[in-house]
Amino acid sequence: MMGGFASLRKGMLDGDMENGYVSVGNGISDIHEIKPAKEIIDEMTKDYCK
């Protein structure tokens with residue numbers, strides 16, 4: 001497991017990508033661009049907040 005949970009903590013919680021790693025699921029392939037969180041929330045709730 002690529003350094004165990006210590007490396008996972010370094011990557012995911014501390015943001016240290018030089019000495020750690022980030023575990024992602026299959027949904028990562030659905031990401032095609034980086035957007036601000038507000039824009040994503042607005043898109044997700046546009047039909048509910050009229």
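Residues numbered from 1 in each chain as written. Predicted model: local features only at pLDDT ≥ 70, side-chain atom pairs only at ≥ 80, totals over all residues. Heavy atoms only, no water.

> Quick one: what's the story with the overall build of the protein chain, residue by residue and with numbers?
Regarding its fold elements, the protein chain presents two helices and zero strands. The C-alpha radius of gyration computed for the protein chain amounts to 16 Å, which surpasses the reference 10 Å derived for 50 residues by more than 25%, pointing to a less compact arrangement than a globule. Each of the three principal axes of the protein chain carries a C-alpha extent, and together these read 50 × 20 × 15 Å. Taking all 50 residues of the protein chain together, 12% fall into the buried category. (Helix = DSSP H or I, 4+ residues; strand = E, 2+ residues; numbered from the N terminus. Rg over C-alpha atoms; globule rule 2.2 N^0.38 Å. Buried < 20%, exposed > 50% of the residue type's maximum accessible area, 1.4 Å probe, protein only.)

> Describe the pattern of salt bridges, with residues and values.
Counted according to the given criterion, the structure contains three salt bridges. A salt bridge links E43 to K35; the nearest nitrogen and oxygen atoms lie 2.9 Å apart. Residue classification places E43 among the partly exposed residues on the basis of a relative accessible area of 39%. Owing to a relative accessible area of 24%, K35 belongs among the partly exposed residues under this scheme. The salt bridge partner of D42 is K38, with a shortest N-O separation of 2.7 Å. (Salt bridge = Lys/Arg side-chain N within 4 Å of Asp/Glu carboxyl O.)

> Got a sec to walk through helix α1 (residues 4-12)? Specific residues and values, please.
Within the sequence span of α1, burial applies to G4, S7, L8 and G11. Summarising the axial view, the buried residues of α1 lie within an arc of 105°, below the 170-degree limit, and thus occupy one face. (Arc of directions from axis to C-beta.)

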